[in-house]
Amino acid sequence: MKWPLLAVCILGSSLAGNAVAQDADNATLEKGRYLAAASDCAACHSAHGKPEYSGGISFSLPMGKIYSTNITPDADHGIGHYTEAQFGRALREGVRRDGSTLYPAMPFPSYARLTDSDIHALFVYFRKGVKPAPISPPKNGIVWPLSIRWPLTFWRLAFAPTPTKAIPKTSGEFTDPELARGAYLVEGPAHCGACHSPRAITMQEKALTATDGSLYLAGGAMVDGWTPPSLRQENRTGLGRWSEDDIVSFLKTGRAATGSVFGSMTSAVLHGTQKLTDDDLHAIAHYLKSLKAADQTQKPWTYDSTITDQLHKADLSYRGARIYVDRCAACHRTDGKGYPSVFPPLAGNPVMMQDDPVSLIHITQSGATLPPMTAAPSSIVMPAFKHKLTDEQIADVVTFIRHAWGNNASPVSTEDVKRLSKSMPPPDMADDALSLN
Amino acid sequence: MGKKHVDAIIVGAGWAGAILAKELTEAGLSVVMLERGAERTTQIEGAYPDSIDELRGAVRKRLFQNLSQSTVTIRNTMDQTALPYRQLSAFLPGEGVGGAGLHWSGVHFRVAPEDLRLRSSVVERYGEKFIPEGMNLQDYGVTYEDLEPFFDKAEKVFGTSGEAYKVQGKIVGNGNVFSPDRSSDFPLPVMKDTFSASIFRDAAKNAGYHPYALPAANASRQYTNTYGCQMGPCNFCGYCSGYDCYLYSKASPNVNILPALRQDPRFSLIPNAHVLRVDLDSTKTKATGVTYLDTKTRKETSLSADLVILGAFQFNNVHLMLVSGIGKPYDPVSNTGTVGRNFVYQTITSSRVWLPSSTYTNQFVGAGGAGVAIDDFNSMNFDHGPLGFVGGSPVWVNQAGMKPIAAATGAGGGGTPRWGSAYKDALINTYKHSLGIDAHGSNMAYRDVYLDLDPTWKDAYGQPLLRMTFTWKDNDIRMNQYVVSKIEPVARAMGATKMNLVHLNPGQPFDTRKYQTTHLGGGAIMGENPQTSALNRYLQSWDVSNVFVIGSNAFPQGMGYNPTGMVAALAYWAAHHIRTTYLKSPGPLVQA
């Protein structure tokens, strides 16, 4: 049952006609609200401290800075003048009301999969369920001639699928309804591939769906200082050892026995996935578990207690061991297993074993705050170490973590850390700035 | 212009306030919580390693009351002139969100059932005449059976680690043989003994006593509580008392309740809001709301409410009642009035024992709530007849973690030098090879020990300071001496090479300069008689029935146990009766 509220409304149709229409409208609006969460519209269009969906979040692209737009129903500053057809075209095809093409920061190649009825619900929600906000985001900082939009049209025509092609591709491939629902959510509204799939030199995702091949969700390039890992079944660097329940718990609460959310994904869980029903989260997890490993060569990770035994004998000879014991072990433990769902394990954690150590280096530098979620109200913090450890010490401790407990990933150099100081995200503190008295 | 109205106002963001706020929002009420101090969360200032900076923490008193704004005045006896308490030393009230519940250690006791009806117990056993002249010995008006479900509820919120003795009438473990029956076991397994606690356990057992692990609101494992709030496991880092636990292991309102409350749209918390008074109607029998001062803008605001909960620190609750005119102030001369009556403390002395240099106690290791105790000399667990005093003390080794600055300033104890190489040797010796043993005793209430408003001194907001008239009395001094005398043979059996046994002496006045405990109590006590108690058995003011006053202010006597567990149980008990009875028909829950 995907839309229980709607079903109840339909079953309740013996009520007075107006009330039914009203309920049906409300049900459509609520469905739209839900889809907006599933599509994570807020992550890009709701800036902290500004009205919901009024835009203004900046994106640094190679050609300059762009800002997300106001998508509230305000007629002058938002999308109040959009018809449903125009709204659908913008979402699914990347075409603005004036006919020009949106920057592909808007994931219209994924949204192309949205069904007509979901587009309708989203339209109703963004028309009636969102407060108009009469503010405009800052002007995009892209200089002429790169600011000319018509080349984007070629990009769009070359790389973005049309809804007519995209919709059957996603929904038609699966006979199992749970897999089909999972595929629809992941490939469509949730647009996971926008970050987690590799992109070509021309910036299009190399695969947009599971049927496009094993590059789909095989891990993407750095976004805001974080490298999105593979969501496929690689044993070491993917979700091979995550159970369906682990994935559900992660998406619902930002925390699971196998790891906690950090970096750019935090916002996707906070504004998006935590609001999904358990059925939908299971569908997503079920679908992700069906994606075979892109890299079939990985030797399965098994726990290796050599380092643990050394630490327990106060043998701190391995590079970075002392820093680990002093700075990390209180929460992540000398055995690297952490305290599941509170302090994540480092032993066997895919992020520790990614080829590219950038996420691990950046989280050590900047720290991370796991914000409160509806189903898990505690905010758990990892402090930033940039100002407590030298680049060399960070390189040492990251190397230690990548080596220990069977992780066996490549070492990290002081130069790597130094270089990455430039892309280091700002120290990640809790959402609201509180006084430190 | 109409005042903003809410269903309930809660004064103070500590344990009492957080529990009541949670319960009242669950009941559907809109709740505003006013906290005079700053906002505090683990993820900001509690984060490792800044949170465990001893200079900023215990030395400069980061989490404690700012005495430059408000304090108390203190004198020993009624013929003296009280002076302001200008430096935090004898006791350390908290300030800021979490209150004392953020800086406490985490020893989380229930109650010795006979302490709740101490007057009745003493009279039954030894007769009325056993009670010394001038001692206001009273019963609480509630029994352990009344409170048991609420002790149980609180432990599941706090994530309390411990070892039960009896659950539902069956002996289940190696817990405290003197402890009463429990409806369920502790939510978390017992904390491990530190080495020092383990040798005390052995020595106490060999001496014929009944050692048990202290119940600790320090999580022995990761834990998700009743409200979905998460705790990490304690690693015995030793930074409990005076600190906000970076591991989320020590229970606090900030870790265990507020995360859930902050998600509730019916709840709002206003920090830096110093409540000046509870506003009463012209009959002085109904509160209309409160008036508070924004300490940043110095702007006064009045809020109106149907229900006012005072959940501030013990003496701040009493102060608010006095400055607001709730109830009749206590007069020790005529022995009338109730607000300020039965002001109590605890009789605590800490002794130190040094072991041979081959034995390492590693004093830097510790957990504030963990340790091993005996109750053989607590409450009514021993025969007071031949001893002639009322009350008792648990005795324990509670290795809470000695921090470097504290170790250096404490040094070698006894007659060791305060400088040079002998000082350094003694300091190292203490840090590595000593242990502390505490007699954590009760303190009885007396007619001339009380709280009232100081006639001279005012706080920064122009209100009179609260005045404490307090000193040690013969009954409690003799109790302390008796219990400390029992420590010596146990310490010898542990292999002591040197001992510094500390006890009170006859005639010794209360000395504010040395830390003793923050476990202040009484002043607005609960009871069955409106002539001798400010609150009824539901912690409701006898005089203003829409004011409930939650905290250790309700204790008629200072008990041997740490008070937080009892405060939490009383908070849930009061909340239960507010929810099930008061809200349906507001008014006195007990007819005066």
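Residues numbered from 1 in each chain as written. Chains lettered and ligands numbered in written order. Predicted model: local features only at pLDDT ≥ 70, side-chain atom pairs only at ≥ 80, totals over all residues.

- In the nomenclature of an unreviewed UniProt entry, chain B corresponds to GMC family oxidoreductase from the organism Gluconobacter vitians.
- As stated in UniProt under Sequence similarities (unreviewed entry), the record for chain B gives "Belongs to the GMC oxidoreductase family." (UniProt positions renumbered as here; feature names shortened; annotations may be inferred.)

- If you check an unreviewed UniProt entry, chain A appears there as Cytochrome c from Gluconobacter vitians.
- Under the UniProt heading Cofactor (unreviewed entry), the note attached to chain A is "heme c".
- UniProt, in the comment section headed Subcellular location (unreviewed entry), describes chain A in these words: "Cell membrane".

Observations regarding the overall build of chain B
- Helix and strand counts for chain B stand at 14 helices and 23 strands.
- Here the C-alpha atoms of chain B give a radius of gyration of 23 Å, agreeing with the 25 Å that 2.2 N^0.38 yields for 592 residues.
- Across its three principal directions, the C-alpha atoms of chain B cover 75 × 55 × 55 Å.
- In chain B, which comprises 592 residues, the proportion classed as buried is 59%. (Helix = DSSP H or I, 4+ residues; strand = E, 2+ residues; numbered from the N terminus. Rg over C-alpha atoms; globule rule 2.2 N^0.38 Å. Buried ≥ 20, exposed ≤ 12 C-beta atoms within 10 Å, placed from the backbone.)

Notes on the overall build of chain A
- Along chain A, the regular secondary structure elements total 19 helices and seven strands.
- For 437 residues, the compact-globule estimate of 2.2 N^0.38 gives 22 Å, and chain A sits close to it at 23 Å.
- Each of the three principal axes of chain A carries a C-alpha extent, and together these read 75 × 55 × 50 Å.
- Counting over 437 residues, chain A shows a buried share of 48%.
- Residue pairs at least 24 apart in sequence account for 63% of intrachain contacts in chain A once pairs closer than 6 positions are excluded. (Contact = placed C-beta atoms within 7 Å.)

Observations regarding the UniProt feature "domain: Glucose-methanol-choline oxidoreductase N-terminal" (unreviewed entry) in chain B
- The sites that carry the UniProt feature "domain: Glucose-methanol-choline oxidoreductase N-terminal" (unreviewed entry) are, in the present numbering, residues 142-345 of chain B.
- What you have in residues 142-345 of chain B is 23% helix and 23% strand, and the ends, taken at the C-alpha atoms, are 21 Å apart.

Side note on the sheet that holds strand E17 (residues 395-397) of chain B
Residue and element names in this part refer to chain B.
- Spatial strand order, E7-E16-E17-E18-E15-E21: six strands in an open sheet with antiparallel pairing. At either end of the open sheet lies a strand with only one pairing partner, and these are strand E7 (212-213) and strand E21 (498-500).
- As paired strands, strand E16 (residues 372-374) and E17 are joined by three bridges and run antiparallel to one another. Opposite Ala373, over in E17, you have Trp396 as the bridge partner.
- On the sheet, helix H7 (residues 195-206) packs against E16, E17 and strand E18 (434-441) and is oriented at approximately 30 degrees with respect to E16. (Pairing = 2+ DSSP bridges. Axes fitted to C-alpha atoms, helices over the stretch in contact; angles between N-to-C directions.)

Quick look at the domain arrangement of chain A
All names here are of chain A.
- One can read the domain layout of chain A as domain 1 (4-159), domain 2 (190-289) and domain 3 (306-420).
- For domain 1 and domain 2, the distance between their C-alpha centroids amounts to 22 Å.
- Facing the 13 residues of domain 1 at the interface are 14 residues of domain 2.
- The set of elements that each furnish at least two residues to the side of domain 1 that touches domain 2 consists of helix H2 (17-38), helix H3 (41-45) and helix H5 (108-111).
- Classifying every residue of the side of domain 1 that touches domain 2 gives ten nonpolar, two polar and one charged. (Domains from an automatic or database assignment. Nonpolar A, V, L, I, M, F, W, Y, C, P; charged D, E, K, R; others polar.)

Examining H7(B)
Residues and elements named next belong to chain B.
- Between the first and last C-alpha of H7 there are 17 Å, a value that for twelve residues agrees with the 16 Å anticipated at 1.5 Å per step.
- Structurally, H7 contributes buried residues whose contacts are with E16, E17, E18 and helix H13 (474-493).
- Just beyond H7, the residue with positive phi is Gly208, at close to 95 degrees. (Expected span 1.5 Å × (residues − 1).)

Looking at the UniProt feature "domain: Glucose-methanol-choline oxidoreductase C-terminal" (unreviewed entry) in chain B
- The UniProt entry lists residues 452-571 of chain B under the feature "domain: Glucose-methanol-choline oxidoreductase C-terminal" (unreviewed entry), expressed in the numbering used here.
- What you have in residues 452-571 of chain B is 23% helix and 18% strand, and the ends, taken at the C-alpha atoms, are 25 Å apart.

Describing the nonpolar core
- Formed by 282 residues in total, the largest nonpolar core has its most connected members in Ile550(B) and Ala571(B).
- Among the elements that line this core, the one with the most residues is helix H14 (residues 564-582) of chain B, at twelve residues. (Core = buried A, V, L, I, M, F, W, Y, C linked by C-beta atoms within 7 Å.)

Things to note about the sheet that holds strand E4 (residues 83-84) of chain B
Residue and element names in this part refer to chain B.
- Strand order in the open sheet made by the four strands is E4-E3-E20-E19, with mixed pairing throughout. Pairing within the sheet leaves two strands with one partner each, and these edge strands are E4 and strand E19 (450-458).
- Note that E19 and strand E20 (residues 464-469) share five bridges and pair antiparallel. Across the sheet, Leu451 pairs through a bridge with Met468, a residue of E20.

A word on the interface of chain A and chain B
- Each partner contributes to the interface: chain A provides 23 residues, whereas chain B provides 22 residues.
- Among the secondary structure elements, those contributing two or more residues to the side of chain A that touches chain B are helix H15 (321-332) and strand E7 (380-382) of chain A.
- Its residues assigned to classes, the side of chain A that touches chain B shows 16 nonpolar, seven polar and no charged.

As for the packing of H15(A) against helix H18 (residues 391-403) of chain A
Residue and element names in this part refer to chain A.
- Interhelical geometry of H15 versus H18 gives an angle of 90 degrees and a closest axis separation of 8 Å. By the angle between their directions, the pair H15 and H18 is classed as roughly perpendicular. Across the interface between the two elements, Ala321, Ile323, Tyr324, Arg327 and Cys328 from H15 touch Gln393, Asp396, Val397, Phe400 and Ile401 from H18.
- Here the residues of the contact of H15 with H18 sort into seven nonpolar, one polar and two charged. (Parallel < 35°, antiparallel > 145°, perpendicular 65-115°, else oblique.)

Looking at the environment of Asp212(A)
- When you line up the elements, Asp212(A) lands in the loop between helix H10 (193-196) and helix H11 (244-253).
- Between the C-alpha atoms of Asp212(A) and Lys169(A), which are 43 residues apart in sequence, the distance is 9.7 Å.

Side note on the UniProt feature "domain: Cytochrome c" (unreviewed entry) in chain A
- Under the UniProt annotation, "domain: Cytochrome c" (unreviewed entry) lies at residues 27-130, 177-292 and 315-405 of chain A.
- Helix makes up 38% of residues 177-292 of chain A and strand makes up 3%, while its end C-alpha atoms are separated by 19 Å.

Side note on H13(B)
Residue and element names in this part refer to chain B.
- The end-to-end C-alpha distance of H13 is 30 Å, a good match for the 28 Å that 20 residues give at a rise of 1.5 Å each.
- For H13, the secondary structure elements touched by its buried residues are H7, strand E15 (347-354), E17, E18 and E21.
- A positive backbone phi angle near 95 degrees is found at Gly495, which sits one or two residues after H13.

Brief notes about the pairing of strand E10 (residues 267-270) of chain B
Residues and elements named next belong to chain B.
- The alternating pattern of E10 places Phe267 and Leu269 on a buried face and Ser268 and Ile270 on a face that is not buried.
- Pairing of strand E2 (residues 31-34) with E10, which is carried by four bridges, proceeds in the parallel orientation. Along E10, the bridge assignment pairs Val31 with Phe267.

Describing unusual backbone geometry
- Each neighbour pair has its own omega, and for Tyr48(B) with Pro49(B) the value is -5 degrees, a cis peptide bond.
- Relative to the helices and strands, Pro49(B) is located in the loop between E2 and helix H2 (55-59).
- For Arg333(A), which is not a glycine, the phi torsion comes out positive at approximately 70 degrees.
- For Arg333(A), the position within the fold is in the loop between H15 and helix H16 (350-353).
- We classify Arg333(A) as partly exposed; it has 19 C-beta atoms within 10 Å.
- Located in the positive-phi region is Asn342(B), a residue other than glycine, with phi close to 55 degrees.
- Here Asn342(B) lies in strand E14 (residues 341-344).
- Using a count of 31 C-beta atoms within 10 Å as the deciding quantity, one classes Asn342(B) as buried.

Some points on the confidence of the model for chain B
- The predicted model of chain B has a mean per-residue pLDDT of 96, with 100% of residues at 70 or higher.
- Note on the complex model: pTM 0.93, ipTM 0.90. (pLDDT = per-residue confidence, 0-100.)

Let's talk about the packing of helix H4 (residues 84-93) of chain A against helix H6 (residues 116-129) of chain A
All names here are of chain A.
- Running from N to C, H4 and H6 cross one another at 110 degrees; their axes reach a closest spacing of 10 Å. Of the possible angle classes, the one that applies to H4 and H6 is roughly perpendicular. For H4 against H6, the interelement crossing comes out right-handed. Residues Glu84, Phe87, Gly88 and Leu91 of H4 touch H6, and the partners they reach there are Ile119, His120 and Phe123.
- Taken together, the residues that form the contact of H4 with H6 break down as four nonpolar, two polar and one charged. (Left-handed = near helix turned anticlockwise from the far one by under 90°.)

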